[in-house]
Structures are given as structure tokens and as C-alpha cells.
Amino acid sequence: MVIIYRSNTGFTQEYAEMLGKAEHLTVLPAGEAEGKAGPGEPVFYMGPLTAGHIAGIDKAVKRYDVRGVCGVGMSPPSQQVLDTMSKANYVHGAPIFYLQGGWSPEKVDWFKRRMVSMVTKSTREALRGKGHRRTPAEEAQYQMLLKGGSFVAFENLRSIRIWLQSQG
Ligand SMILES: Cc1cc2nc3c(=O)[nH]c(=O)nc-3n(C[C@H](O)[C@H](O)[C@H](O)COP(=O)(O)O)c2cc1C
């Protein structure tokens, strides 16, 4: 299995590299994978979520034998996030995973910042309204939405690692 990823602001890249190192797998950015990974190559594909879509997934499915998929977004992980993502990014026979990456407003153009700001407005307002009743997890999410931040952590890779190990 080869890990192929796309990353716009670096969070998916961090996860892909940590995962490759831990599982002794080759890690290739999608742009460099052509020529290095053959058409039928078994691939674990990782990409950032953009308006619910895992960037680059369609191309990866056309080119490789995608055995597993992972979307990296800014929302805290939950069953609902996973279900919504699974429906919008279905790949036949491939399990789908979700990882919380982060938000880097300074690395995206103003239009994308604006888009994200609009989409996250109600969440920010709800969290602001909670004031000092925000839990530590909610506080971390609130600060990330306001200023940017990273939730990348090696422990988050646990279920993906277990699945990869089961692939032999
Ligand atoms: C235009 C745009 C749309 C996004 N849409 C989503 C989304 O639908 N769901 C989500 O959880 N995160 C969304 N995000 C946040 C990114 O997925 C998140 O920052 C991710 O960690 C980026 O990964 P990367 O650093 O590998 O590019 C969006 C970001 C941008 C710029």
C-alpha cells in the first residue's frame, strides 16, 4: 500500500507523513505520484475537505486501486461528520476515515477565507454565546475558528493504523 495525499495548507501532509513513518509506507503527494505509483497500485488516499468534498479523490479513484480514504477537515470528529462525508465521497469497497486537521487562514486567499467564515459563522456565534460555559474542547475549537490552529496529533491515527495493519 502507498499513501497518496493532497494538501493545501499542510495539515493532511503532516498526517500522511506521520502515518507513513509509523507504518513504513511510501508517502507521495498526488502531484508527484504519477510515474511513481502504477495504475493498479493499492493506495490509501488522504485529502483535505473542501465544501464537504475530499480534494483529489476522483482523480485518485480513476488512477489507482483506492483501498481506503481519509478526509481531513476542521470540524471536531463525530459520527455525523463521518456519515455526511461518507455519503458525499463514496468509494466502492473502501473504508472512509475522518481526521481533524486545522485551519490556517493566513495560507488561503481572501475568497476562501470568506467562504469558511460564512460557513462557520453560526458555530462561532453559538460558541461565543456560551461565554465562560464553553468546555475546554469547545474553547479550543472556538480559538481555532477565530485565529487558526492545529489539531493534528499522532493519536488520531489509531483507527487508520489498525485498519492498515489488518490489510497485511
Ligand atoms: C474553501 C474551503 C472549504 C472548506 N470546507 C471544509 C468542509 O467542508 N469541512 C471541513 O471540515 N473543513 C473544511 N475546510 C477546512 C479544511 O478542510 C481544513 O483546514 C483542513 O485541515 C485543510 O487541510 P490541508 O492543510 O491539508 O489543506 C475548508 C477550507 C477551505 C479553505
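Just above, that's the structure.
Quantities reported herein were computed from a predicted structural model and do not represent experimental measurements.

I'd love a proper account of the side chain of T9, names of residues and values included.
Summarising the element assignment, T9 is placed in the loop between β1 (2-5) and α1 (11-23). Sequence-distant contacts of T9, defined by excluding residues within four places in its chain, comprise S104, K107 and V108.

Provide a residue-level description of the packing of helix α5 (residues 110-130) against helix α6 (residues 136-147), including the pertinent values.
For the pair α5 and α6, interaxial distance at closest approach is 10 Å and the crossing angle is 130°. Judged by the angle between their axes, α5 and α6 are oblique. When the axes of α5 and α6 are compared, the crossing they make is left-handed. Each of T120, T123, R124, L127, R128 and K130 in α5 lies in contact with α6, whose residues at this interface are E138, Q141, Y142, L145 and L146. Residue composition of the contact of α5 with α6, by class: four nonpolar, three polar and four charged.

Tell me what's going on with the pattern of salt bridges, and back it up with residues and numbers.
Inspection of the entire model under this criterion finds seven salt bridges. Its salt-bridge partner being R161, residue E23 comes within 2.6 Å of it at the nearest N-O pair. Highlighted residues: E23 in helix α1 and R161 in helix α7 (residues 158-166), separated in sequence by 138 residues. With a relative accessible area of 14%, E23 lands in the buried category. Given a relative accessible area of 22%, R161 falls into the partly exposed group. E139 serves as the salt-bridge partner of R134, at 2.6 Å between the closest nitrogen and oxygen.

I'd like a description of the pairing of strand β3 (residues 42-50), backed by residues and values.
Pairing geometry for β1 and β3, over four bridges, is parallel. Residue pairing across strands places I3 opposite F44, the latter belonging to β3. Looking at chain direction, β3 and strand β5 (residues 65-73) are connected through seven bridges and run parallel. Bridge pairing in β5 links P48 to V72. Strand direction decides the pairing type here: β3 and strand β4 (residues 53-54), joined by two bridges, are antiparallel. The partner of T50 across the bridge, within β4, is H53. From the end of β3 to the start of β4, which pair antiparallel, there are two residues, and A51 there has a positive phi angle of about 50°.

About the cut-offs
Residues numbered from 1 in each chain as written. Predicted model: local features only at pLDDT ≥ 70, side-chain atom pairs only at ≥ 80, totals over all residues. Heavy atoms only, no water. Helix = DSSP H or I, 4+ residues; strand = E, 2+ residues; numbered from the N terminus. Contact = heavy atoms within 4.5 Å. Axes fitted to C-alpha atoms, helices over the stretch in contact; angles between N-to-C directions. Parallel < 35°, antiparallel > 145°, perpendicular 65-115°, else oblique. Left-handed = near helix turned anticlockwise from the far one by under 90°. Nonpolar A, V, L, I, M, F, W, Y, C, P; charged D, E, K, R; others polar. Salt bridge = Lys/Arg side-chain N within 4 Å of Asp/Glu carboxyl O. Buried < 20%, exposed > 50% of the residue type's maximum accessible area, 1.4 Å probe, protein only. Pairing = 2+ DSSP bridges.

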